[in-house]
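# Report on the structure
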Amino acid sequence: MMAKLTEKQKRFCDEYLIDLNATQAAIKAGYSEKTANRIGTENLSKLVIQNYLNERMEEIKTDKTANAQEVLEYLTAVMRNEITEEVVVVESIGDFQTKAKTIEKDCSVKDRNKAAELLGKRYRLFVDKVESDVNQVVVFRGEDELED
């Protein structure tokens, strides 16, 4: 059963499912460009919208859609350089003539790094450090019972 959403929220969800960009989805749904970033974030935090998005994802899912395990296995294979790709290269055959041929090549370091980055994000390996100053009163109970 679909959750009850306003028309604007429904348009936001449908736009969000296209490219997963909350700010652009908010703008396309008719929210102000000045507040689109905040509205997009707020909308994604609403349970009714999360439920609607999950329901829509289930509706559009097919056997051709990769699941989370497949994505993680693919990224791992790329990172470990277990996947090759076909590329076309041009080689000289003499007398200023060339011919194109297809070869298999390893994934680039850039692609492997990107796969590692995406896996690291998934497993929260990269955590930003947050400094905070906390002013708090500490109360020790039982202090009077301690021996000198």
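This write-up is about the structure you can find in this document. Note that the structure is a prediction, hence the values are computed from the model and not measured.

Parameters at a glance
Residues numbered from 1 in each chain as written. Predicted model: local features only at pLDDT ≥ 70, side-chain atom pairs only at ≥ 80, totals over all residues. Heavy atoms only, no water. Helix = DSSP H or I, 4+ residues; strand = E, 2+ residues; numbered from the N terminus. Rg over C-alpha atoms; globule rule 2.2 N^0.38 Å. Buried < 20%, exposed > 50% of the residue type's maximum accessible area, 1.4 Å probe, protein only. Contact = heavy atoms within 4.5 Å. Areas by Shrake-Rupley, 256 points an atom, 1.4 Å probe, with all protein chains shown as cover. Lys, Arg positive; Asp, Glu negative; His and termini not counted. Charge placed at Lys NZ, Arg CZ, Asp CG, Glu CD. Axes fitted to C-alpha atoms, helices over the stretch in contact; angles between N-to-C directions. Parallel < 35°, antiparallel > 145°, perpendicular 65-115°, else oblique. Nonpolar A, V, L, I, M, F, W, Y, C, P; charged D, E, K, R; others polar. Salt bridge = Lys/Arg side-chain N within 4 Å of Asp/Glu carboxyl O. Patch = residues over 30% accessible without salt bridge, like charges linked within 9 Å, V, L, I, M, F, W, Y side chains within 5 Å. Expected span 1.5 Å × (residues − 1). Arc of directions from axis to C-beta. Phe/Tyr/Trp six-rings, centres within 6.5 Å; stacked < 30°, edge-to-face > 60°. Lys NZ or Arg CZ within 6 Å of the ring centre and 35° of its normal. Pairing = 2+ DSSP bridges.

Right, let's talk about the overall build of the chain for a bit. Across its full length, the chain carries 6 helices and 2 strands. Computed over its C-alpha atoms, the radius of gyration of the chain comes to 26 Å, more than 25% above the 15 Å expected for a compact globule of 148 residues. Overall size of the chain, expressed as C-alpha extent along the three principal axes, is 100 × 60 × 35 Å. Across the 148 residues in the chain, those meeting the buried criterion constitute 17%. When contacts within the chain are restricted to residue pairs at least 6 apart in sequence, long-range pairs at least 24 apart make up 43% of them. For the chain, the exposed area adds up to about 12600 Å²; of that, 50% sits on carbon and sulfur atoms. Across the chain, the mean location of the 23 positive side-chain charges is 8 Å away from that of the 29 negative side-chain charges.

Glancing now at the packing of helix H2 (residues 22–29) against helix H3 (residues 36–45). One can describe the packing of H2 onto H3 by two numbers: an axis separation of 8 Å at closest approach and a directional angle of 105°. The pairing of H2 with H3 is recorded here as roughly perpendicular in orientation. Counting all contacts with H2, which are made through Ala 22, Thr 23, Ala 26 and Ile 27, the residues of H3 involved are Ala 36, Asn 37, Ile 39, Gly 40 and Leu 44. Taken together, the residues of the contact of H2 with H3 sort by class into 6 nonpolar, 3 polar and no charged.

Turning our eyes to something else, we now look at the pattern of salt bridges. Inspection of the entire model under this criterion finds 8 salt bridges. The closest approach of N and O atoms between Arg 56 and Asp 14, which form a salt bridge, is 3.8 Å. Placement of the pair is Arg 56 in helix H4 (residues 47–60) and Asp 14 in helix H1 (residues 7–19), with a sequence separation of 42 residues. We note a salt bridge from Lys 101 to Glu 91, for which the minimum N-O separation is 3.7 Å. Here the residue Lys 101 occupies a position in strand S2 (residues 97–106), and Glu 91 occupies one in strand S1 (residues 84–94), the gap between them amounting to 10 residues.

On the surface, Tyr 123, Leu 125 and Phe 126 cluster together into a nonpolar patch covering about 380 Å² of accessible area. Its location among the elements puts Tyr 123 in the segment after helix H6 (109–122).

A few words now on H1. Under the 1.5 Å per step criterion, the end-to-end length of H1 is 19 Å for 13 residues, consistent within 8% with the ideal 18 Å. Within the sequence span of H1, burial applies to Gln 9, Phe 12, Cys 13, Tyr 16 and Leu 17. Here the buried residues of H1 occupy an arc of 130° about the axis, which is enough to place them on one side. Residues of H1 that are exposed and point more than 90 degrees away from the buried face comprise Glu 7 and Ile 18. Where the residues of H1 are buried, they touch H2, H3 and H4.

Overall, the coordinates contain 1 aromatic pair when judged by the stated rule. Taken together, a centroid distance of 6.1 Å and an interplanar angle of 15° make the contact between Phe 12 and Tyr 16 stacked. Of the two residues, Phe 12 and Tyr 16 are both situated in helix H1; the distance of 4 residues between them amounts to about one turn of the helix. Exposure remark for Phe 12: the relative accessible area of 0% places this residue in the buried category. Judged by its relative accessible area of 16%, Tyr 16 is buried. Between Arg 122 and the ring centre of Tyr 123, over which it is positioned, the NZ or CZ distance is 5.1 Å.

Glancing now at the pairing of S2. Note that S1 and S2 share 10 bridges and pair antiparallel. Bridging across to S2, Gly 94 finds its partner in Gln 97.

The next point concerns unusual backbone geometry. You will see that Asp 95, though not glycine, has its phi angle at about 50°, which is positive. Turning to its location among the elements, Asp 95 is positioned in the loop between S1 and S2. Of note in this structure, Phe 96 is not a glycine but carries a positive phi near 60°. Position of Phe 96 among the secondary structure elements: in the loop between S1 and S2.

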